[in-house]
Amino acid sequence: MDKTNNLFELFNSCIVNAESRNLVGNIEQGNVSLLSSSHYKSIIESLSLALINIGIKKKTKFGIYLANSIQWHLIDMSIMVTGAICVPFYRDLSMHEFCQQLTYTDCEGVFVENLDIFAEYYESFQKSKLKFIVTLDEGNIRNIPLQIQHIKYNDLLLLGQSLLKSDLQTLRNRANQILPEDIATLVATSGAREDVKFAMLSHRAIINVLTNLENTFMTSFSENDRTLVILPLSHISGRINSLMHLVFHNQTIFCSNLYNLPAQLKAASPTFLIGFPKIIKMLYYTLRRVFFKNKSIFAKNILNWSNLSSDKYFSKIDNELAPTSLEIIKQNVAQRIFFKKIIEFLGGNLKIIISVGGNLSSEVYNLLRNCNILVLEGYCLTEATGLCIINPPYKQ
């Protein structure tokens, strides 16, 4: 990857190098809907120009209090490429916690679903430094402090589209002012609630961790791959996962319903996942229920033989020994008669899973590994922009 000084330059480099590709998308009614690179570029440039037009300056803090979606990512990029500072808030925060964090971070703007959340907390928002509230829905304006301007997301996008035709140089001029050490985002450390702490992450820090991932994976992950983002985008690992296409030019699909993850996997057919151990274990229990429970004696014998054959094969690999020819044959047969069905259940193409935020149990790791999925464990530190170390679990 060529040296870039800020996320605006990285974004434009990505668009140039992936001009004919569909980079980002979401899942709608069981099907993947993708944005072309030109449409992707147009939306981010439009939103960025609109934000500059309404008065968002370099280093202005602008928050996101939304559920995971492709819009979350588009808003995130649009804030950061203007030189403003994106402040994501966990969507499961209580309104009291959200008000506290919004005031603590001095946000001048925030993206929310609707204005209903402000009904009972009118005074709290009136005391904040908020100047703008952008809502995704088209609801009526109500219960909003007089000093705060309410803007509908679609209106903001339309404003930017009108400016895009004549004022693109304004965005380029702003981007030229962004230095590598300028803060791109504030991120709450994991588990932070009442005693909240935010890490300040620069443009350079984000670019460096993406570059390090590129150097780590080399040819194991490329433009031919697809990642399904299942972590909260307010979490630094979910955020980095959502930005990987900027260097790999892969496809990034945003999960819309974590509680129905198997259906999301089937629709997206990803090759790559990053998840918490809790999420991966939840997926493991689903696999156990579907493939292991209430089976005939014959089916159980096949399962046991397949697991034993794969365990022996990967035990040799883990200990850097060469499996015998017979062990290789048994492993291939086990893949065809059993583990292939699990892979198909997971979308058909999954080959890499990274577990972050805790230890992954050996039973979960063994099953996924036996399916020929490369399972890695990452040590994640928010202050270091997420993933610091990635190791296979048997090397921990």
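Coordinates for the structure precede this section.
Quick caveat: nothing in here was measured; it's all calculated off a predicted structure. (Residues numbered from 1 in each chain as written. Predicted model: local features only at pLDDT ≥ 70, side-chain atom pairs only at ≥ 80, totals over all residues. Heavy atoms only, no water.)

Side note on the packing of aromatic side chains
For the structure on display, the rule yields 16 aromatic pairs. Members of the aromatic cluster, joined through ring pairs, are Phe291, Phe292, Phe338, Phe339 and Phe345. Looking at Arg91, its charged tip hangs above the ring of Tyr65, at a distance of 4.5 Å from the centre. (Phe/Tyr/Trp six-rings, centres within 6.5 Å; stacked < 30°, edge-to-face > 60°. Lys NZ or Arg CZ within 6 Å of the ring centre and 35° of its normal.)

Observations regarding the state of the cysteines
Overall, the coordinates contain zero disulfides when judged by the stated rule. In this structure Cys99 is not part of a disulfide, and its nearest cysteine sulfur, from Cys107, lies 12 Å away. Summary of cysteine pairing: Cys107 is not part of a disulfide, and the nearest cysteine sulfur, belonging to Cys86, is at 8.5 Å. (Disulfide = S-S within 2.5 Å.)

Side note on the nonpolar core
Core analysis: the biggest nonpolar cluster contains 105 residues, and Tyr40, Phe111 and Leu228 have the highest contact counts within it. With eight residues, the top contributor of residues to this core is helix α2 (residues 37-53). Grouped together as the second largest cluster of nonpolar side chains are 22 residues, Phe98, Cys99, Leu130 and Leu186 included. (Core = buried A, V, L, I, M, F, W, Y, C linked by side-chain atoms within 4.5 Å. Buried < 20%, exposed > 50% of the residue type's maximum accessible area, 1.4 Å probe, protein only. Helix = DSSP H or I, 4+ residues; strand = E, 2+ residues; numbered from the N terminus.)

Points about unusual backbone geometry
One non-glycine residue, Asp106, lies in positive phi territory at about 60 degrees. Among the structural elements, Asp106 can be located in the loop between α4 (95-104) and β5 (109-112). Here the phi dihedral of Ser269 falls at roughly 50 degrees; this positive angle occurs in a residue that is not glycine. One can find Ser269 in the loop between α11 (261-268) and β12 (272-275). The class of Ser269 is buried, set by a relative accessible area of 18%.

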